[in-house]
Amino acid sequence: MGVIQVMSDALANQIAAGEVVERPASCVKELIENSLDAKAKRIKIEVEEGGIRRLSVEDDGVGMDEQDAVLAFSRHATSKIIHARDLTRIQTLGFRGEALAAIAAVSKVSLTTRQSDQTHGIFLRIEGTSITDGPKPVGAPPGTRIVVEDLFYNTPVRLKYLRSVQTEFSRIVDVVQRAALSRPDVAFLLSHEGRVVFQSSGRGGQRSVLAALLGPVEATQLLEASQSSVTCQVTAWLGLPQQARSNRNHAYLFLNHRPIRNLSLHQAVAAGYGTRLMVGKHPIYALFVDMDPILADVNIHPHKSEVRLSEERDVSQLITRMVENALSDKHLVPKWPVTS
Ligand code: ADP
Ligand code: MG
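Residues numbered from 1 in each chain as written. Chains lettered and ligands numbered in written order. Predicted model: local features only at pLDDT ≥ 70, side-chain atom pairs only at ≥ 80, totals over all residues.

- Looking up the protein chain in an unreviewed UniProt entry gives the name DNA mismatch repair protein MutL, with the organism given as Alicyclobacillus tolerans.
- As recorded by UniProt, the Sequence similarities (unreviewed entry) comment attached to the protein chain reads in full: "Belongs to the DNA mismatch repair MutL/HexB family."
- Comment text from UniProt for the protein chain, heading Function (unreviewed entry), reads "This protein is involved in the repair of mismatches in DNA. It is required for dam-dependent methyl-directed DNA mismatch repair. May act as a 'molecular matchmaker', a protein that promotes the formation of a stable complex between two or more DNA-binding proteins in an ATP-dependent manner without itself being part of a final effector complex." (UniProt positions renumbered as here; feature names shortened; annotations may be inferred.)

1. Thoughts on the sheet that holds strand E8 (residues 195-200)
- Ordered by their spatial adjacency, eight strands build an open sheet running E5-E4-E3-E6-E2-E1-E7-E8, and the pairing between neighbours is mixed. Strands with a single pairing partner mark the edges of an open sheet, and in this sheet they are strand E5 (130-138) and E8. Strand-to-strand twist of the sheet, defined as the mean angle between neighbouring strand axes without regard to direction, takes the value 10°.
- Direction of pairing for strand E2 (residues 54-59) relative to strand E6 (residues 143-149): antiparallel, over a ladder of six bridges. Bridge assignment links Arg-54 to a residue of E6, and that residue is Glu-149.
- Packing against the sheet, helix H2 (residues 24-37) makes contact with strand E1 (42-48), E2 and E6, and its axis sits at approximately 10° to E2. (Pairing = 2+ DSSP bridges. Helix = DSSP H or I, 4+ residues; strand = E, 2+ residues; numbered from the N terminus. Axes fitted to C-alpha atoms, helices over the stretch in contact; angles between N-to-C directions. Contact = placed C-beta atoms within 7 Å.)

2. What to know about the sheet that holds strand E12 (residues 258-259)
- Taken in spatial order, the five strands of this open sheet run E9-E10-E13-E11-E12, and their pairing is mixed. Since the sheet does not close on itself, it has two edges, and those belong to strand E9 (223-228) and E12, each with one partner.
- Relative to strand E13 (residues 285-291), strand E10 (residues 232-238) runs antiparallel, the two being bridged by seven bridges. What sits directly across from Gln-233, in E13, is Asp-290.
- Along the sheet face, helix H10 (residues 312-328) touches E9, E10 and E13 and points at about 40° away from the line of E10.

3. Re the site of ligand 1
- If you check the shell around ligand 1, you find 24 residues, and the closest are Asn-34, Ala-38, Thr-78, Gly-94 and Ala-99.
- At the level of elements, H2 and helix H4 (99-105) are the ones that each hand at least two residues to the shell around ligand 1.
- Residue composition of the shell around ligand 1, by class: nine nonpolar, nine polar and six charged. (Near = placed C-beta within 6 Å. Nonpolar A, V, L, I, M, F, W, Y, C, P; charged D, E, K, R; others polar.)

4. Some words on the environment of Arg-245
- Take Arg-245: it is sitting in the loop between E10 and strand E11 (251-255).
- Taking the C-alpha atoms as reference, Arg-245 lies 28 Å from Ile-32; in sequence the two are 213 residues apart.
- Setting aside chain neighbours within four positions, we find Arg-245 in contact with His-250, Lys-281, His-282 and Ile-284.

5. Description of the packing of helix H9 (residues 263-273) against H10
- Between H9 and H10, the least distance of the axes is 7 Å, while the angle of their chain directions is 30°. Relative to H10, H9 is oriented roughly parallel. For the pair H9 and H10, the sense of crossing is right-handed. Of H10, the residues touching H9 (which contributes Ser-264, Leu-265, Ala-268, Val-269, Ala-271, Gly-272 and Tyr-273) are Glu-312, Val-315, Ser-316, Ile-319, Thr-320, Met-322, Val-323, Glu-324 and Leu-327.
- Across the contact of H9 with H10, the residue classes break down as 10 nonpolar, four polar and two charged. (Parallel < 35°, antiparallel > 145°, perpendicular 65-115°, else oblique. Left-handed = near helix turned anticlockwise from the far one by under 90°.)

6. Some words on the domain arrangement of the protein chain
- As far as domains go, the protein chain holds domain 1 (9-200) and domain 2 (221-328).
- Between domain 1 and domain 2, the C-alpha centre-to-centre distance is 28 Å.
- At the junction of the two partners, domain 1 supplies 15 residues and domain 2 supplies 11 residues.
- Listing elements by their share of the side of domain 1 that touches domain 2, those giving two or more residues are helix H1 (9-20) and helix H6 (165-182). (Domains from an automatic or database assignment.)

7. Topic: the packing of H6 against helix H7 (residues 205-214)
- For the pair H6 and H7, the least separation of the axes is 9 Å and the interaxial angle reads 160°. Overall, the two elements H6 and H7 adopt an arrangement that is roughly antiparallel. In this structure, H6 uses Gln-177, Ala-180 and Leu-181 to contact H7, whose residues at the interface are Gln-206, Val-209 and Leu-213.
- Residue composition of the contact of H6 with H7, by class: four nonpolar, two polar and no charged.

Next comes the structure, spelled out in structure tokens:
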């Protein structure tokens, strides 16, 4: 008799969850992406014990009906793509249909959601692949609120790999700040243990988010730069060489409004600074690349933060040139006053 068995959904989800949900910050990232895809204009993130005990993300987006609220937690359930060809033209932040299933597989999740044309919302609580409460009607404002509790309660090995509350929380701060920079038109509010740690107004543009993030004095000194070619358009806020830090925490990269990681593009920026930087110092910058999504593959890893660009060399050269030009400008004066 054969020995192979098809594993249960619960186990399959738990294994797959490992790739999507590494730590509390990855939950926050996925939930924020969902809120943005749902056209939210305000997103509130509340965290307790670095998100290990509890985190919640609340938005004022389009919400879900009862059927979708249940289906949203199934693996490969998504409203964002249907056909394989859609993968080449992804306009949403999510598309893999696995984040909610993955989060529910390794935590206790409650969902409250209401569409604006409905008189009441829907509540449900889910653990693993099982609904433990609801779906049932509740009073709720339009939008969606997802609460994630006791992350990795059923995967103790994962839990063991989490760092201190402070470290886990600082990763959440980074995720929220990158999201806020990517979408200055959306108001973000992040609190830890009931204390507001970061907020953006959703009204002031990139400059006011950078001021919230770096402090108004530091932000005032940034240089604005832009450059375009047939394949892409690049805009950036660049710190002066004397503002460089000894860590890389303030190097922000975005592709079509998605926070990304890409070593070549970071190196292209560094090349533009060249010898203006002291050894061991890293520039502060926020760089926004916009290009036809067909030229950028974001489906390399479940995190969707690594990207492969088909014109990477061209883009890199453009970036280096732009940074060099901006810094060689004789009038190295701040380009804008911070008003907020
Ligand atoms: P994906 O984002 O890749 O589609 P997810 O598991 O993150 O997969 O979400 C599954 C589906 O649940 C989404 O496609 C969307 O239809 C719905 N959904 C999730 N979060 C929200 C939200 N905050 N507001 C409205 N709908 C949501
Ligand atoms: Mg998603």
